[in-house]
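Read off the chains here:
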Amino acid sequence: MAPRRVRRLVPAVLLAVALLGGVLTPTVQAGPAAARADDRPRAGAGGAPPPAGATDIPRLTDRRGRTLTLRGWNVEDKTHQGDEALSAITERHFRDLRARGFNVARLLVFWDDLEPRRGHYSHRYLRKIQRILGWAHKHRVQVVLDAHQDVFGPAFGHRGIPRWATRTDGLPFTPHPDDWFAEYFEPAVQRAFTHLYEDADLRTAQVRMWRLIADRFGGHPALLGYDLINEPMGELRPGEDLATAARRIEATQLTPLYNRLADAIRTRDRATWLFVEPTPIVGEGVPTGLGRIDDERVVYAPHFYNTAMEAGADYDPSAGWIEAYERAVTAYPREHGLPVVVGEWGPLNNGLPNMRRFYDDALASLNRYSSGWAGYVWCYGGGYCALDSDGRFRTNKERTATPYAPAVAGTVREDVHDPATATYRLSYRATRRPGTTELSLPPSPTGWRVQVSGRGAHASADSVPAGRAGQVKVWAARHAAVDVRVTPGPVHGPHESPGRKAD
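This report concerns the structure included in the present document. (Residues numbered from 1 in each chain as written. Predicted model: local features only at pLDDT ≥ 70, side-chain atom pairs only at ≥ 80, totals over all residues. Heavy atoms only, no water.)

Some remarks on unusual backbone geometry
Then comes step 1: The peptide bond linking Tyr376 to Val377 adopts the cis configuration, its omega dihedral lying at 10°.
Then comes step 2: Within the element layout of this structure, Val377 appears in the loop between strand 12 (372-375) and strand 13 (404-408).
Then comes step 3: One non-glycine residue, Glu231, lies in positive phi territory at about 40°.
Then comes step 4: Assignment of secondary structure puts Glu231 in the loop between strand 7 (223-227) and helix 7 (242-266).
Then comes step 5: The backbone of Asn396 shows a phi angle near 75°, a positive value even though the residue is not glycine.
Then comes step 6: Looking at the element boundaries, Asn396 is found in the loop between strand 12 and strand 13. (Helix = DSSP H or I, 4+ residues; strand = E, 2+ residues; numbered from the N terminus.)

What about the packing of helix 6 (residues 200-217) against helix 7?
Then comes step 1: Contact pair helix 6 / helix 7: the axes reach a minimum separation of 8 Å and the direction vectors enclose 40°. Taken together, the axes of helix 6 and helix 7 lie oblique to each other. Once helix 6 is placed against helix 7, the crossing between them reads as right-handed. Side by side, helix 6 and helix 7 meet where Arg203, Gln206, Val207, Trp210, Arg211 and Ala214 of the first sit next to Leu257, Arg260, Leu261, Ala264 and Ile265 of the second.
Then comes step 2: Of the residues assigned to the contact of helix 6 with helix 7, the class counts are seven nonpolar, one polar and three charged. (Axes fitted to C-alpha atoms, helices over the stretch in contact; angles between N-to-C directions. Parallel < 35°, antiparallel > 145°, perpendicular 65-115°, else oblique. Left-handed = near helix turned anticlockwise from the far one by under 90°. Contact = heavy atoms within 4.5 Å. Nonpolar A, V, L, I, M, F, W, Y, C, P; charged D, E, K, R; others polar.)

With respect to the packing of aromatic side chains
Then comes step 1: Taken as a whole, this structure holds 29 aromatic pairs when the rule is applied.
Then comes step 2: Arranged with centres 6.4 Å apart and planes meeting at 20°, the rings of Trp321 and Phe358 form a pair that is stacked. One end of the pair, Trp321, is in helix 9 (residues 321-336); the other, Phe358, is in helix 10 (residues 355-369), with 37 residues separating them in the sequence. Each member of the pair Trp321 and Phe358 is classed as buried.
Then comes step 3: Each residue in the set Trp73, Phe102, Phe304, Tyr315, Trp321, Tyr325, Trp345, Phe358, Tyr359, Trp373, Trp378 and Phe393 is aromatic and connected to the rest through ring pairs, giving one cluster.
Then comes step 4: The side chain of Arg159 reaches across the aromatic face of Phe110, ending 4.3 Å from its centre. (Phe/Tyr/Trp six-rings, centres within 6.5 Å; stacked < 30°, edge-to-face > 60°. Buried < 20%, exposed > 50% of the residue type's maximum accessible area, 1.4 Å probe, protein only. Lys NZ or Arg CZ within 6 Å of the ring centre and 35° of its normal.)

Considering the side chain of Glu115
Then comes step 1: As for its position among the elements, Glu115 is in the loop between helix 3 (111-114) and helix 4 (123-138).
Then comes step 2: The buried charged residue Glu115 lacks any salt bridge, with Arg118 as its nearest oppositely charged partner at 6.5 Å.
Then comes step 3: A polar atom in the side chain of Glu115 sits 2.7 Å from the backbone nitrogen of Gly119.
Then comes step 4: Once you skip the residues sitting within four places of it in the chain, Glu115 turns out to touch His120, Tyr121, Pro162, Trp164, Ala205 and Met209. (Lys, Arg positive; Asp, Glu negative; His and termini not counted. Salt bridge = Lys/Arg side-chain N within 4 Å of Asp/Glu carboxyl O. Polar contact = N/O pair within 3.5 Å; in protein donor to acceptor, adjacent residues only side chain to side chain.)

Describing empty space enclosed by the protein
Then comes step 1: Scanning the model with the defined rule gives six cavities of 30 Å³ or more in all.
Then comes step 2: A volume near 80 Å³ is recorded for the second largest cavity.
Then comes step 3: Forming the boundary of the second largest cavity are Val104, Ala105, Arg106, Val144, Asp227, Phe275, Ala301, Val341, Val342, Gly343, Trp373 and Ala374.
Then comes step 4: Secondary structure elements with two or more residues in the lining of the second largest cavity: strand 5 (104-109) and strand 12.
Then comes step 5: Here the lining of the second largest cavity gets three residues from one element, more than from any other, and that element is strand 5.
Then comes step 6: Classifying every residue of the lining of the second largest cavity by side-chain character gives nine nonpolar, one polar and two charged. (1 Å grid on protein atoms, 1.4 Å probe; cavity = no way out; pocket = protein on both sides within 12 Å on 5 of 7 lines; lining within 4 Å. Points joined across faces, edges and corners; volume = space filled by probe spheres on them.)

Comments concerning the nonpolar core
Then comes step 1: Counting 102 residues, the largest nonpolar core has Phe94, Leu145, Tyr226, Phe304, Trp345 and Phe358 as the members making the most contacts within it.
Then comes step 2: Of the residues forming this core, the biggest block, eleven residues, is contributed by helix 7.
Then comes step 3: Core analysis: the second largest hydrophobic core is formed by 22 residues, Ala405, Tyr424, Ala430 and Ala461 among them. (Core = buried A, V, L, I, M, F, W, Y, C linked by side-chain atoms within 4.5 Å.)

So, the pairing of strand 15 (residues 423-430)
Then comes step 1: Burial runs high along strand 15: six of the eight residues are buried.
Then comes step 2: Linking strand 14 (residues 410-418) to strand 15, which pair antiparallel, is a turn of four residues; within it Ala422 sits at a positive phi near 60°. (Pairing = 2+ DSSP bridges.)

Some points on the pattern of salt bridges
Note on pairing: side chains with opposite charge can pair once their charged atoms come close.
Then comes step 1: As enumerated under the stated definition, the model contains 29 salt bridges in all.
Then comes step 2: Taking the shortest distance from any N to any O, the salt bridge between Asp215 and Arg268 comes out at 3.9 Å. Separated by 53 residues along the polypeptide, Asp215 in helix 6 and Arg268 in the loop between helix 7 and strand 8 (273-276) bring together distant segments of the chain.
Then comes step 3: Shared partners join several salt bridges into a network, and the residues in it are Arg106, Asp146, Asp227, Glu277 and Glu344.

See below:
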């Protein structure tokens, strides 16, 4: 499949971002997420808090109070359309994701493929999505359906909003083949977003599209959530700087859009999570202006990209970008009581000298405040692809495959992976009711050792063989203080007994 094109901001936009200076404070508040009553993830009530440093941001939990962690990748086919849409996605994507320990996929779907003519939906496209969800379920991967757009859609040479729903008022559009993010700032593209947000008939069309998706896929065992629109943008007003424009668009256009779509989806699907994104400007350390989304099952789903790195620069650990992003991206969920799942992240030039450090710093940051993430992108080749054509991790991307706990039956006290020693540490206070903690261990050339301590604590396995992913379960007495330590092998030394191995 074709790699994603480089996401570069034009110099004028970079300058505007550089002039933003300090961090802005959100002005619109929202209420906390409510508890869930089923086995799917829910926020807050009874669940474990996030790691130290973000204890006031809720985590996804299930009805038994287990803290859930999502680790995975985006899965896409931007090349094929019409009858060939989604043909680049195969069962192999999900088999390989699970084989490396990942448990979530963010699947890109396109409105222009679903409804190529107004009111005429492609049932062939829906069947293809259904087949992909079946593969995901078979391999125990949860899926977020992402209504994706890049530079609005086909009217501007990209994918997303159909041509029939694109209105430009005759304003000009000049392509930027080597600088595609700059196309968002073309007058025609900006006006198209305004019409999408404001025109009554286009609002109705988008509502109907989402109602159809929820009616068709709501309740599917692989379905985790709906990402309502990818990287939404909008129209700048004369004299308005980029940060001010982004926060106005989020507050006055995106918030109503998300509430409209939430209401529509809930007429068909009461259970599935709704993922809401800010504009991409949050990546420059600007907190979102989103307001309250009136739904009990909302996840805040920002993206994690740096403009300099997207333009080809190496990671600069001294620049403080990750720290600024973390401060900005945690403001909204902290105020509004929402869990966070980062929907996209990962640099294009992953082999530059400081990129190993970037992956380690980024993963440590994400673990402090989020319930998980989806890297960009699970494909086989060059560009942003996680894997090469032979299915091997490309340089530094293997650092995303670390031990973690998809579910913890208790209150988490420590949840840390040390990349220097490849050691994973988890400590928690077990719940009042006996529960099962789950560990996911990716394939390792040396295998893994699993050590568990605490009152009544024991594991389904004390080792995982070399070259295999392992799923290990841990149990403990109620209210027990449990410590889990996962270290690299070798699994068996010359004087060790074999012990139990993970499945």
